[in-house]
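# Fold and geometry: a report
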Amino acid sequence: MSKTTSKWTCQECGYISPSYLGKCPECNSWSTLIEEVTSKKSTKLSPSENSFLTTSSIDIENLQRIKSFDKELDNVLGGGFVNGSLVLLAGEPGIGKSTILLQVADHLSNKSKVAYVTAEESIYQVKLRAQRLNLPGENLLLLAENNLETIIELIEREKPQFLIIDSIQAIYHPELESSAGNVSQVRECANKILHLAKSKNITTILVGHVNKEGLIAGPKVLEHIVDTVLYFEGEKFHNFRVLRATKNRFGCTNELSVFEMKDSGLVPISNPSFLFMSQSKEAVPGSTYSAIVEGSKTIIAEVQALVGGTSYTTPRRVANGLDYNRVLQIIAILERRVGFNFSKHDLFVNLVGGLSSYEPALDLSIAMSIVSCKQDVIPSKKTVFIGEIGLTGEIRQVNQIENRIKECIKLGFERVVIPDMGAKMQNSKIEILQTKKILDVIRHSLTTTQNV
Ligand SMILES: Nc1ncnc2c1ncn2[C@@H]1O[C@H](COP(=O)(O)OP(=O)(O)OP(=O)(O)O)[C@@H](O)[C@H]1O
Ligand SMILES: [Mg+2]
């Protein structure tokens, strides 16, 4: 066995220390020294077993897609799991990561050998969940273990086709002194698992925790190591969960799938377009709709805004499920181009139902919700607002406008406000209002426009 030693390397300047230091003596950065394990192997050169190949001689038969329990999940993956790939599933605590993976594991274990390593829960807890979800999983191999060396040894012995590790933050490599979840542990463990997945052709799914800011806990390098990063999001207090890929070496990243958390587990919803609207049928000031496109899905999203007097010297701006900087930009446009003054107002903007989207097409709906609340007016008809707002207050074109309009018609909207698309657009089922400036939208689509 090769002899291993540890060294601590500053991630800022590369300074190397034989022991841990809180502050780097070279660049004075705090908490940047990360433990790294080095193996002292024989340096004797031996002829390499590797060699160059021509693309035509490479056999990709082995890289076929393996379908999960659900078509929606397969779409997000780009058509299913790729043999030997390494997938990271990240999400907030309690969002349903273990639930969906148990459903995946149960389904796959009917045809393949699947190993589920639980590092956070006992095997009894997993069995209880399986019972609750009515998943027989008779062939599923369960292991409760945190030590990565033991896990690798057992996996090499069992040779499963699928491996699930729940979670990467709960396992540790015994050669590192730091505790599980530490940056160096996560990085080292991920590297070892990558090697295992690729060398033994085991399709591996890692569960990853997210931190307070919603980013994957641990080093950024974790996202570089894996082939695919899936985010499971939504609000714990809502039943809907959105799964999307933020990185995929085997497919596109703009697909999204929606699940509902039920007693029986996560149930896919193939047409989620109406889910992210409030149940209220009545129009209220501060609430407008937009149509957003996520991969192959068009979703009608409701944007709510609340504008109220502030008791602070600097007014508060809060954006839930939306791009914060974008919301600030829209407020600035409304002030400079329309003439509003929000300097004495707190402003809260929210995407209903736990959905989050950074689509520029939401701009118009964000602006109209703010104006609607500030002026205490409502859209004169059941309206959907679609369009990006430029800094001069112009409404800019967005893609797939026809699909968006189709979805508005399907959900019974009476009017859609869109950017000027060059040619006149008409539809007998819905009034289409093409606009060039934010001021025009405010003038033409709200019941009263006094004070503007
Ligand atoms: N008995 C139950 N009936 C219905 N839903 C349940 C039940 N128990 C748990 N849940 C749902 O499952 C969710 C927890 O799911 P799960 O354990 O898969 O989450 P997780 O993302 O793995 O969490 P963690 O990060 O803590 O491991 C709960 O938030 C709840 O919504
Ligand atoms: Mg879990």
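Reading guide: rules and limits
- Residues numbered from 1 in each chain as written.
- Chains lettered and ligands numbered in written order.
- Predicted model: local features only at pLDDT ≥ 70, side-chain atom pairs only at ≥ 80, totals over all residues.
- Heavy atoms only, no water.
- Pairing = 2+ DSSP bridges.
- Helix = DSSP H or I, 4+ residues; strand = E, 2+ residues; numbered from the N terminus.
- Axes fitted to C-alpha atoms, helices over the stretch in contact; angles between N-to-C directions.
- Contact = heavy atoms within 4.5 Å.
- Core = buried A, V, L, I, M, F, W, Y, C linked by side-chain atoms within 4.5 Å.
- Buried < 20%, exposed > 50% of the residue type's maximum accessible area, 1.4 Å probe, protein only.
- Domains from an automatic or database assignment.
- Salt bridge = Lys/Arg side-chain N within 4 Å of Asp/Glu carboxyl O.
- Patch = residues over 30% accessible without salt bridge, like charges linked within 9 Å, V, L, I, M, F, W, Y side chains within 5 Å.
- Areas by Shrake-Rupley, 256 points an atom, 1.4 Å probe, with all protein chains shown as cover.

## So, the sheet that holds strand β12 (residues 240-248)
Taken in spatial order, the nine strands make up an open sheet running β8-β7-β9-β10-β6-β11-β12-β13-β14, and their pairing is mixed. Across the chains shown, the open sheet's two edge strands, defined by having one partner strand only, are β8 (141-144) and β14 (265-269). When the angles between neighbouring strand axes are averaged without regard to direction, this sheet yields 25°. The sheet contact formed by strand β6 (residues 86-91) and strand β11 (residues 228-233) spans five bridges and is parallel. Looking across to β11, one finds that L88 is bridged to V229. Contacting β7 (114-118) and β8, helix α3 (residues 123-132) crosses the sheet at an angle of about 140° to β8. Against the sheet, helix α4 (residues 148-158) touches β7, β8 and β9 (162-166), its axis set at about 165° to β8.

## A short note on the nonpolar core
Counting residues in each nonpolar core, the largest one holds 45 residues, and the members touching the most others are L322, L334, I366, I370, I438 and I442. Among the secondary structure elements, those contributing two or more residues to this core are β12, β13 (256-262), β16 (297-309), α7 (324-338), β18 (345-351), α8 (363-375) and α10 (438-445). The greatest single-element share of this core, amounting to seven residues, is contributed by α8. Counting only domains with at least three residues in this core, you end up with domain 2 (65-269) and domain 3 (287-445). The residues touching I370, leaving out its near neighbours within four places in the chain, are A305, V307, I331, L334, F342, L347 and V349. Formed by 32 residues, the second largest nonpolar core is a distinct cluster that contains I66, L101, Y116 and L140.

## What about the pattern of salt bridges?
Tallied over the full model, the rule gives 16 salt bridges. Residue K113 is joined to E158 by a salt bridge in which the shortest nitrogen-to-oxygen separation is 3.1 Å. In this pair, K113 is assigned in the loop between α2 (97-108) and β7 and E158 in helix α4, connecting sequence segments 45 residues apart. With a shortest N-O distance of 2.5 Å, K381 and E431 are connected by a salt bridge. Here the residue K381 occupies a position in the loop between α8 and β19 (383-385), and E431 occupies one in strand β23 (residues 431-435), the gap between them amounting to 50 residues. Using a relative accessible area of 35% as the deciding quantity, one classes K381 as partly exposed.

## Overview of the domain arrangement of the chain
Entries for the chain in the domain assignment read domain 1 (3-40), domain 2 (65-269) and domain 3 (287-445). Summarising the inter-unit geometry, the C-alpha centres of domain 1 and domain 3 are found 49 Å apart.

## Notes on the pairing of β6
A large share of β6 lies buried, amounting to six of its six residues. Summarising the sheet, β6 and strand β10 (residues 203-209) pair through six bridges and their orientation is parallel. Residue pairing across strands places V87 opposite I205, the latter belonging to β10.

## Here we look at a nonpolar patch on the surface
On the surface, L53, I58 and I60 cluster together into a nonpolar patch covering about 320 Å² of accessible area. Tracing the backbone shows L53 in the loop between β3 (33-40) and β4 (65-66). For L53, a relative accessible area of 61% translates into the label exposed.

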